[in-house]
Amino acid sequence: MMSTLKDLAVRLFDAGAVQLGDIEAMDGRWTPVYFDFRIIVSHPEIMMAVAVHLQNLATEINHDILCGVPYAALPLAAVMSVNTSTPMIMKRKETKQYATKKIIEGVYTKNQNCLVVEDVVTSGGSLLETVSTLRHESLTVTHAVVVLDREQGGASVLKANGVELRPLFTLRNLTQILRDVDRISDETVDVIAEHIKVCQFGKKDNFC
Ligand SMILES: O=C(O)c1cc(=O)[nH]c(=O)n1[C@@H]1O[C@H](COP(=O)(O)O)[C@@H](O)[C@H]1O
């Protein structure tokens, strides 16, 4: 039976995917909460649950092919691909320097609808980089499914670039679930809410 999103949130927390404190995230920015969803490669049952929830979101989106943002989302996209018999392609971080010299591995044709899979969206920058490569290869990208939208402006940035974001969790709802099951304190909920408020990418008064 499929686990609920609430169960999944608790399993992710108990597996160590949530770090609290003063944490340095990508590009030297700081955050009071960091989600490390890379750990799910060590928990096959959590991997399956996350992939099944994402593929349920994906049923409402017209797509021919899947592509995970490297590296964290690659295994997620692979499990979704196998579960749903949907072909997958892999974007490399850098173009391969020898033999095929490819930036994308796998088979695709022009104008196929490619659904992007990502673990975490903060500013939307990483996802957008993958989208831009896919579009450069003449694939059509209109949607992305993600495990967590940190609600820090990424969804708006992506929307402005023609990509609609469909998250399993938002930072606020995940925080609330974890509070409801006593995994985090009221104080942590408040600190995270304040962080979301002041650290908004794509806005003028942004204190990230
Ligand atoms: O650096 C982050 O903002 C970040 C926060 C977090 O909680 N978890 C996390 O994995 N990240 C990383 O940040 C990336 C998304 O940030 P953006 O490119 O700003 O959307 C993810 O692909 C991760 O590499």
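Residue numbers run consecutively from 1 along every chain, following the written order of its sequence. Where totals are concerned, whole chains, interfaces and linings use all residues; where local detail is concerned, this predicted model gives features only for residues with pLDDT of at least 70, and gives and counts side-chain atom pairs only at 80 or more. Excluded from the side-chain calculations are hydrogens and water; all other atoms, namely the structure's heavy atoms, are used.

Quick notes on the site of the ligand
Whether a residue is near a molecule or strand is decided by its heavy atoms; if any one of them lies within 4 Å of it, the residue is near. Close to the ligand lie 16 residues, the nearest being Arg-29, Thr-122, Ser-123, Gly-124 and Ser-126. For the purposes of these results, a polar contact is taken to be a pair of N or O atoms within 3.5 Å, where, inside protein, one atom must be able to donate a hydrogen and its partner to accept one; residues adjacent in sequence count only when each atom of the pair is a side-chain atom. One nitrogen or oxygen atom from the side chain of Glu-118 is found 3.3 Å from an oxygen atom belonging to the ligand. In this structure, an oxygen atom belonging to the ligand sits 2.5 Å away from a side-chain N or O atom of Ser-123. In the complex, 94% of the free accessible area of the ligand, which totals 500 Å², lies under the protein chains. Here the accessible surface of atoms and residues is derived via Shrake-Rupley with a 1.4 Å probe, and residues count as covered only by protein chains that are part of the display.

With respect to empty space enclosed by the protein
Points on a 1 Å grid over protein atoms alone make up a cavity when a 1.4 Å probe fits among them but cannot get out, and a pocket when they form an open set with protein on both sides within 12 Å along at least five of seven lines; lining residues each have an atom within 4 Å of a point. Grid points are joined across faces, edges and corners, and a volume is the space filled by probe spheres set on the points. All chains considered together, the criterion is met by one cavity of 30 Å³ or more. Lining the largest cavity are Ile-61, Asn-62, His-63, Asn-113, Cys-114, Leu-115, Thr-140, Val-141, Thr-142 and His-143. Here the lining of the largest cavity is built from residues that sort into four nonpolar, six polar and no charged. Charged residues are taken to be Asp, Glu, Lys and Arg, nonpolar residues to be Ala, Val, Leu, Ile, Met, Phe, Trp, Tyr, Cys and Pro, and polar residues to be all remaining types, Gly included.

Some remarks on the packing of aromatic side chains
A pair of aromatic rings is counted whenever rings of Phe, Tyr or Trp (Trp by its six-membered ring) have centres within 6.5 Å, and the orientation is called stacked for planes under 30 degrees apart, edge-to-face for over 60 and tilted otherwise. One pass over the structure, following the stated rule, counts one aromatic pair. Seen from their ring centres, Phe-35 and Phe-37 are 5.9 Å apart, and the 35° between their planes marks the pair as tilted. In this pair, the class of Phe-35 matches that of Phe-37, namely buried. The buried label applies to any residue whose accessible area, calculated with a 1.4 Å probe on protein chains only, is under 20% of its type's maximum; exposed applies above 50%, and partly exposed to all values in between.

So, helix α1 (residues 5-14)
What α1 keeps buried is the set Leu-8, Ala-9, Val-10, Leu-12 and Phe-13. Throughout, a contact is declared for two residues whenever any of their heavy atoms are within 4.5 Å. The helix count covers DSSP runs of H or I at least four residues long, the strand count covers runs of E at least two residues long, and both are numbered beginning at the N terminus. Contacts made by the buried residues of α1 are with β1 (18-24), α2 (44-58), β8 (164-170) and α6 (171-180). After α1 finishes, the residue Gly-16 shows a positive phi value of roughly 95°.

A few points about the UniProt feature "domain: Phosphoribosyltransferase" (unreviewed entry) in the protein
UniProt positions are given in the numbering used here, feature names are shortened, and annotations may be inferred rather than shown by experiment. If you check UniProt for "domain: Phosphoribosyltransferase" (unreviewed entry), the listed places come out as residues 40-154 in our numbering. In this annotation, residues 40-154 is assigned 34% helix and 22% strand; the end-to-end C-alpha distance for the span is 23 Å.

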